[in-house]
Amino acid sequence: MNILSLLPFILIIGVMFLMTRSAKKKQQQAAEMRNQMQPGTGVRTIGGMYAVVKEVADDAVTLEVAPGVHAIYAKNAIGAVLDDDEYNRIVHGITPEDVDAPDVPDDASSLTQADEPADADVSVDSPIDLGKKDADGDAAPKKTEGEGDAK
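The protein chain is annotated in an unreviewed UniProt entry as Preprotein translocase subunit YajC from Streptomyces polyasparticus. Of the comments in the UniProt record for the protein chain, the one headed Sequence similarities (unreviewed entry) reads "Belongs to the YajC family." Quoted straight from UniProt, the Subcellular location (unreviewed entry) entry for the protein chain says "Cell membrane".

Brief notes about the nonpolar core
By size, the foremost hydrophobic cluster in this structure holds 7 residues: Met-37, Val-43, Ala-51, Val-53, Val-61, Leu-63 and Ile-78. Looking at this core, the elements that each hand over two or more residues are β2 (50-56) and β3 (60-66). Here Val-43 is in contact with Met-37, Met-49, Tyr-50, Ala-51, Val-53, Leu-63, Ile-78, Ala-80, Val-81, Leu-82 and Tyr-87, once residues within four sequence places are set aside.

Side note on the environment of Ile-90
Structurally, Ile-90 is set in helix α2 (residues 84-92). What makes Ile-90 partly exposed here is its relative accessible area of 32%. Placed 40 residues apart in sequence, Ile-90 and Tyr-50 show a C-alpha to C-alpha distance of 8.7 Å.

What counts, and where the lines are drawn
Residues numbered from 1 in each chain as written. Predicted model: local features only at pLDDT ≥ 70, side-chain atom pairs only at ≥ 80, totals over all residues. Heavy atoms only, no water. UniProt positions renumbered as here; feature names shortened; annotations may be inferred. Core = buried A, V, L, I, M, F, W, Y, C linked by side-chain atoms within 4.5 Å. Buried < 20%, exposed > 50% of the residue type's maximum accessible area, 1.4 Å probe, protein only. Helix = DSSP H or I, 4+ residues; strand = E, 2+ residues; numbered from the N terminus. Contact = heavy atoms within 4.5 Å.

Structure (structure tokens):
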């Protein structure tokens, strides 16, 4: 039997080995993360719920999902253990004070207003004339009711 005919099978087995090894490494990292949970730590479940750890048992964890509301979850249901800054940013909207955020207005009107009107003789409250003008600049005569353009 020729070794070149076995090469595709060897490559497939090698790729499968590498894929299972990386998956096993991810599972071990997730198990370590779940074992490092302590009461008072903020977590996110695999369902996307944010809560605070109240008690840790062997296979279960008690989470406070709202003030005074406790629920028991399996440790495998914990998707991520969050540090305090990240948990407060996501749940409470509290950002660290060391980040100097620029002042952003609540609405866009303050971004479009000029300090002074572009044309000093035009008041902001004055109406705008939308009447048609002839070629020589005179206003076109107003039409009375019932009149139309004849073409």
